[in-house]
There are 2 protein chains.
Amino acid sequence: MKRKSVTSRDVARLAGVSQSAVSRTFSPNAKVSESTRRKVMDASRELGYRPNTIARSLITRSSRTIAVVTYSMENPFYSFMLEKASRFFQAQGYHLLMFFAPPSGDFDAVLDDIIRSQVEGVLLLAITMNQRQAGLVDDFGIPVVIINRTVDYAGISQVGSDNFQGGYWAGRYLASLGHQRIGFLGGLPDSSTHQQREAGFLEGLLSLGQTCSVSEIGNYRYEDACQATRRLFSSSLPPDALFAANDLMALAAMEILRYEFALKVPGDVSIIGFDDVPMAAWPSHALTTVRQPVDMMIKKATELLMKQVAQEEMQPEHIILPVTPMLRGSTRMPSRQP
Amino acid sequence: MKRKSVTSRDVARLAGVSQSAVSRTFSPNAKVSESTRRKVMDASRELGYRPNTIARSLITRSSRTIAVVTYSMENPFYSFMLEKASRFFQAQGYHLLMFFAPPSGDFDAVLDDIIRSQVEGVLLLAITMNQRQAGLVDDFGIPVVIINRTVDYAGISQVGSDNFQGGYWAGRYLASLGHQRIGFLGGLPDSSTHQQREAGFLEGLLSLGQTCSVSEIGNYRYEDACQATRRLFSSSLPPDALFAANDLMALAAMEILRYEFALKVPGDVSIIGFDDVPMAAWPSHALTTVRQPVDMMIKKATELLMKQVAQEEMQPEHIILPVTPMLRGSTRMPSRQP
DNA sequence: GTGAAAGCGCTAACAA
DNA sequence: TTGTTAGCGCTTTCAC
């Protein structure tokens with residue numbers, strides 16, 4: 001389909017130099033005389049020559065491509081990360097190749113796809129792998145960095161934030177507010193973030209002698225969280241406070257409570273989320289939440305991946321960044337005894 | 001860095017067949033005997049062989065890769081499209097290579113990058129090119145589909161929705177509601193969507209004898225729209241209705257009006273947006289807006305691009321899909337005389 | 001500094 | 001059906 005298919009050979013012929021001289025001219029750190037370079041550049045311009053990245057990749061064994069894998073872009077938290085990561089890699093001459101994982105398993109097929117595509121690294125956004133899969137990628141020597149999930153394999157780097165601490169704060173804070181029936185709106189039950197946030201939450205409640213009254217699963221998705229909230233509050237003894245494992249679900253809960261149950265937030269129910277997506281700060285929502293340092297996370301993850309791509313062997317790192325409670329208007333004021 | 005670098009040659013040796021037999025085994029429509037296939041597959045499994053996509057691309061001149069270019073993922077409208085498009089292409093064995101355009105010009109560099117990368121097609125999300133750039137891509141025979149922008153070049157396909165009609169409806173509807181000072185919150189002034197929506201809007205107002213009282217620019221971004229709204233309503237004679245060129249800006253305006261100016265929406269000010277992002281339907285916002293058929297847009301665009309990638313020559317198409325007014329709670333009830 | 005030559009791993013004739 | 005052969009467009013020794 002290419003109308004034009006100008007090769008370095010064509011340029012060489014026109015410029016009256018060898019084909020390797022053309023190659024050198026387009027190689028960052030080659031030695032070419034100024035006169036040769038000019039002849040080559042002139043000929044290139046005339047013919048509209050562009051070096052074929054694929055041919056280069058084949059021989060240099062470097063595709064300058066990173067695979068990004070994720071389940072969904074519904075959560076703005078991840079589309080933000082995608083943009084940040086993409087711009088970072090682009091600045092280094094790398095590009096992101098998108099892989100969306102199918103909702104239902106078959107991650108193996110995606111992995112196979114990734115390996116074949118000769119990417120130099122893999123960035124997993126809120127996706128994990130099992131040991132076998134991790135070992136497979138490792139066998140191929142492809143560095144992997146996982147964001148916001150843990151993996152049961154030593155050879156893979158992870159970047160996340162302190163989910164336990166965030167959950168702990170949420171639990172303790174809600175308890176300190178004097179709430180009596182505190183509920184949990186969970187994410188994906190199998191995810192490490194869900195488990196760590198829940199564990200921290202329970203511990204935080206416990207630290208003030210409270211327990212979790214009731215919980216439901218929202219799968220980190222808006223619609224599922226709406227349903228879960230309806231179940232949670234249809235009981236005869238509904239919660240008076242809720243910790244949602246991410247902001248998207250917390251916002252869903254607020255919508256349902258305010259507009260379907262006619263409950264006041266925070267008057268009747270306090271709500272805490274997790275992530276601190278931009279929307280959480282909108283005055284309509286004013287969501288009290290646990291901020292993840294998303295800029296730092298993506299910075300660490302991309303730098304880590306680049307380092308591992310560049311260097312032969314490198315110790316994988318596990319980075320856990322601190323979270324920050326963001327007190328806003330979705331939790332009642334701390335007036336009672338703490 | 002690759003620890004493993006198993007080639008088809010290695011597999012051939014172990015399987016006791018020729019290298020091309022291995023190649024055939026991994027080619028979708030090749031003729032290999034069952035016995036050879038089994039020998040090859042066994043050897044492949046043992047060695048962990050994966051065909052090298054890059055080598056294949058070099059010879060078939062088909063990278064099975066599509067470039068996606070966009071400015072930003074801030075608007076969920078586009079992250080949604082990205083996911084849809086990516087899944088569509090993935091299902092056909094294609095993958096998306098991400099290119100984020102720098103905010104300030106220099107699109108030429110990105111284009112150069114794209115051409116070198118040997119993608120088979122380009123999907124522009126809310127990005128346009130000038131004639132020279134379009135001609136350049138065309139020279140290389142790379143098909144391009146533009147979503148949500150127009151381009152002044154016949155050889156490129158476009159998919160969009162009826163921005164003029166949407167704007168027209170917004171203008172006429174606000175006027176019909178009896179509003180007296182109707183304002184416009186514009187997007188990127190140079191964008192075709194901005195211009196078409198504004199033109200339709202003015203025409204719609206005019207159809208009921210109204211004009212646009214005041215307008216500001218929000219660049220399709222949340223923060224800019226907040227600023228623009230502040231300017232718009234700081235005057236002594238502020239608007240009593242507002243048409244924003246997208247939902248993100250309409251939502252920004254609502255936040256500012258309600259929480260900074262203590263104005264009621266729709267009591268004091270009616271607001272209409274454009275796009276119908278999921279958030280617009282959240283009860284907190286209940287944004288009256290003009291729905292773009294995003295599913296259909298991405299379906300048309302991806303199908304069009306695939307067709308052009310597959311076929312040698314194909315007439316570029318200009319597809320304009322109908323929009324749908326979504327009446328919700330951000331506009332006052334039509335009680336007065338229309 | 002430059003050109004000739006040898007591949008990178010694979011596909012695609014072609015002949016057997 | 002199978003193996004042999006010739007490249008895809010480029011980078012990279014290696015003499016000169």
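Residues numbered from 1 in each chain as written. Chains lettered and ligands numbered in written order. Predicted model: local features only at pLDDT ≥ 70, side-chain atom pairs only at ≥ 80, totals over all residues. Heavy atoms only, no water.

**Student:** What am I meant to see in the sheet that holds strand β11 (residues 318-321) of chain A here?
**Tutor:** In a beta sheet, neighbouring strands pair by backbone hydrogen bonds and run either parallel or antiparallel. If you walk across this open sheet you meet the 12 strands as β11(A)-β5(A)-β4(A)-β3(A)-β1(A)-β2(A)-β2(B)-β1(B)-β3(B)-β4(B)-β5(B)-β11(B), and the pairing is mixed. Two strands in the sheet have a free side with no partner beyond their single neighbour: β11 of chain A together with β11 (318-321) of chain B. Neighbour-to-neighbour, the strand axes of the sheet open up by a mean angle of 20°, direction not taken into account. Of the pairings in the sheet, the one linking strand β5 (residues 157-161) of chain B to β11 of chain B comprises 4 bridges and is parallel in character. Of the residues in β11 of chain B, the one forming a bridge with Q158 of chain B is H318 of chain B. Taken strand by strand, helix α5 (residues 76-91) of chain B contacts β2 (95-100) of chain A together with β1 (65-70), β2 (95-100), β3 (121-125) and β4 (144-147) of chain B, and its axis lies near 75° from that of β2 of chain A. (Pairing = 2+ DSSP bridges. Helix = DSSP H or I, 4+ residues; strand = E, 2+ residues; numbered from the N terminus. Axes fitted to C-alpha atoms, helices over the stretch in contact; angles between N-to-C directions. Contact = heavy atoms within 4.5 Å.)

**Student:** Hey, could you run me through the protein's contact with DNA strand D in this one?
**Tutor:** Close to DNA strand D lie 27 residues, the nearest being S23 of chain A together with R24, S33, T36 and R61 of chain B. Here, DNA strand D places atoms within 4 Å of the protein, and 57% of those atoms are sugar or phosphate. Within the side chain of R24 of chain A, one N or O atom sits 3.4 Å away from a base oxygen of DNA strand D. Broken down by secondary-structure element, the contributors of at least two residues to the surface near DNA strand D are α2 (19-25) and α4 (53-60) of chain A together with α2 (19-25) and α4 (53-60) of chain B. (Near = heavy atom within 4 Å. Polar contact = N/O pair within 3.5 Å; in protein donor to acceptor, adjacent residues only side chain to side chain.)

**Student:** Which parts of the structure should I look at to understand the UniProt feature "domain: HTH lacI-type" (unreviewed entry) in chain A?
**Tutor:** The UniProt record marks residues 6-60 of chain A with the feature "domain: HTH lacI-type" (unreviewed entry), using the residue numbering of this structure. In the segment residues 6-60 of chain A, helix accounts for 67% and strand for 0%; the C-alpha atoms at its two ends are 21 Å apart. (UniProt positions renumbered as here; feature names shortened; annotations may be inferred.)

**Student:** Could you clarify how one ought to interpret the relation of the copies chain B and chain A in this entry?
**Tutor:** One copy of the chain maps onto the second through a rotation around an axis plus a translation along that axis. Of the two same-sequence chains, chain B is brought onto chain A (RMSD 0.1 Å, axial shift 0.0 Å) by a rotation of 180°. Interpreted geometrically, this transformation is the action of a two-fold axis. Closest approach to the rotation axis among the C-alpha atoms of chain B is made by L97 of chain B, whose C-alpha sits 2.3 Å away. Both copies share a contact surface, since 97% of the interface residues of chain B are interface residues in chain A too. (Least-squares fit on C-alpha atoms with pLDDT ≥ 70 in both.)

**Student:** Would you mind going over the protein's contact with DNA strand C with me for this structure?
**Tutor:** For DNA strand C, the set of nearby residues contains 27 residues, the closest of which are R24, T36 and R61 of chain A together with S8 and S23 of chain B. Between DNA strand C and S33 of chain A, the relevant distance is 2.6 Å, taken from a phosphate oxygen to a side-chain nitrogen or oxygen of the residue. With respect to DNA strand C, the side chain of R24 of chain B contributes an N or O atom lying 3.2 Å from a base nitrogen. Grouping the constituent residues of the surface near DNA strand C by class yields 9 nonpolar, 12 polar and 6 charged. (Nonpolar A, V, L, I, M, F, W, Y, C, P; charged D, E, K, R; others polar.)

**Student:** How should I be thinking about the interface of chain B and chain A in this particular structure?
**Tutor:** Many analyses report the size of an interface as the accessible area lost when the parts associate. Taken together, the contact between chain B and chain A spans 65 residues of the former and 64 residues of the latter. Across the chain B to chain A interface the summed buried area is about 5,900 Å²; carbon plus sulfur atoms make up 55%. The interface formed by chain B and chain A includes 2 salt bridges. Across the pair D112 of chain B and R50 of chain A runs a salt bridge, and its minimum N-O distance is 2.3 Å. Between the two partners, chain B and chain A, sit 23 residue pairs in polar contact (both at pLDDT 80 or more). (Buried area = accessible area lost by both parts, 1.4 Å probe. Salt bridge = Lys/Arg side-chain N within 4 Å of Asp/Glu carboxyl O.)

**Student:** Would you mind going over the pattern of salt bridges with me for this structure?
**Tutor:** Where side chains of opposite charge bring their charged atoms close, a pairing between them can arise. Within this structure, the stated rule accounts for 25 salt bridges over all chains. Between R328 of chain B and D276 of chain B there is a salt bridge, with its nearest N and O atoms 2.4 Å apart. One end of the pair, R328 of chain B, is in the segment after β12 (324-326); the other, D276 of chain B, is in the loop between β9 (270-275) and β10 (288-291), and 52 residues separate them in sequence. Among the residues examined, R328 of chain B registers a relative accessible area of 23% and is labelled partly exposed. A relative accessible area of 13% places D276 of chain B in the buried class. What emerges from the salt-bridge pattern is a single network uniting R50 of chain A together with D112 and R116 of chain B. (Buried < 20%, exposed > 50% of the residue type's maximum accessible area, 1.4 Å probe, protein only.)

**Student:** Teacher, can you tell me more about the environment of F233 of chain B here?
**Tutor:** Residue and element names in this part refer to chain B. Within the fold, F233 resides in helix α10 (residues 222-233). Along the primary structure F233 and S86 are separated by 147 residues, whereas in three dimensions their C-alpha atoms are 41 Å apart. Residues in contact with F233, not counting those within four places in the same chain, are P238, P239, L242, L257, F261, L263 and V269.

**Student:** Explanation requested: the packing of helix α8 (residues 163-176) of chain A against helix α9 (residues 192-206) of chain A in the structure shown.
**Tutor:** How two helices pack is summed up by the angle between their axes together with the distance between the axes. Residue and element names in this part refer to chain A. Running from N to C, α8 and α9 cross one another at 35°; their axes reach a closest spacing of 6 Å. Between α8 and α9 lies a crossing whose hand is right-handed. Contacts between α8 and α9 involve N163, F164, G167, Y168, A170, G171, R172, L174 and A175 from the former and T193, Q196, R197, A199, G200, F201, E203, G204 and L205 from the latter. For the contact of α8 with α9, the per-class residue count stands at 8 nonpolar, 7 polar and 3 charged. (Left-handed = near helix turned anticlockwise from the far one by under 90°.)

**Student:** What is the right way to look at the nonpolar core in this model?
**Tutor:** The nonpolar side chains of a soluble globular protein tend to be buried with one another. One finds I271 of chain A together with I271 of chain B to be the most contacted residues of the largest nonpolar core, which totals 148 residues. Residues within four places of I271 of chain A in sequence aside, it is in contact with L242, A250, A253, M254, L257, V265, L287, T288, S330 and T331 of chain A. (Core = buried A, V, L, I, M, F, W, Y, C linked by side-chain atoms within 4.5 Å.)

**Student:** Would you explain the pairing of strand β10 (residues 288-291) of chain A in this entry?
**Tutor:** Along any regular strand the residues' side chains alternate between the sheet's two faces. All names here are of chain A. Relative to β10, strand β9 (residues 270-275) runs parallel, the two sharing 4 bridges. When the bridges of β10 are listed, D275 appears paired with R291. Pairing of β10 with strand β12 (residues 324-326), which is carried by 3 bridges, proceeds in the antiparallel orientation. Residue pairing for β12: R291 is matched across the bridge by T324.

**Student:** Got a minute to help me understand the environment of W169 of chain B in this structure?
**Tutor:** All names here are of chain B. Tracing the chain through its elements places W169 in helix α8 (residues 163-176). Measuring from C-alpha to C-alpha, the distance between W169 and P76 comes to 23 Å, with 93 residues separating the pair along the chain. With residues up to four places along the chain from it excluded, the contact list for W169 reads I272, T288, T289, V290, P325 and L327.

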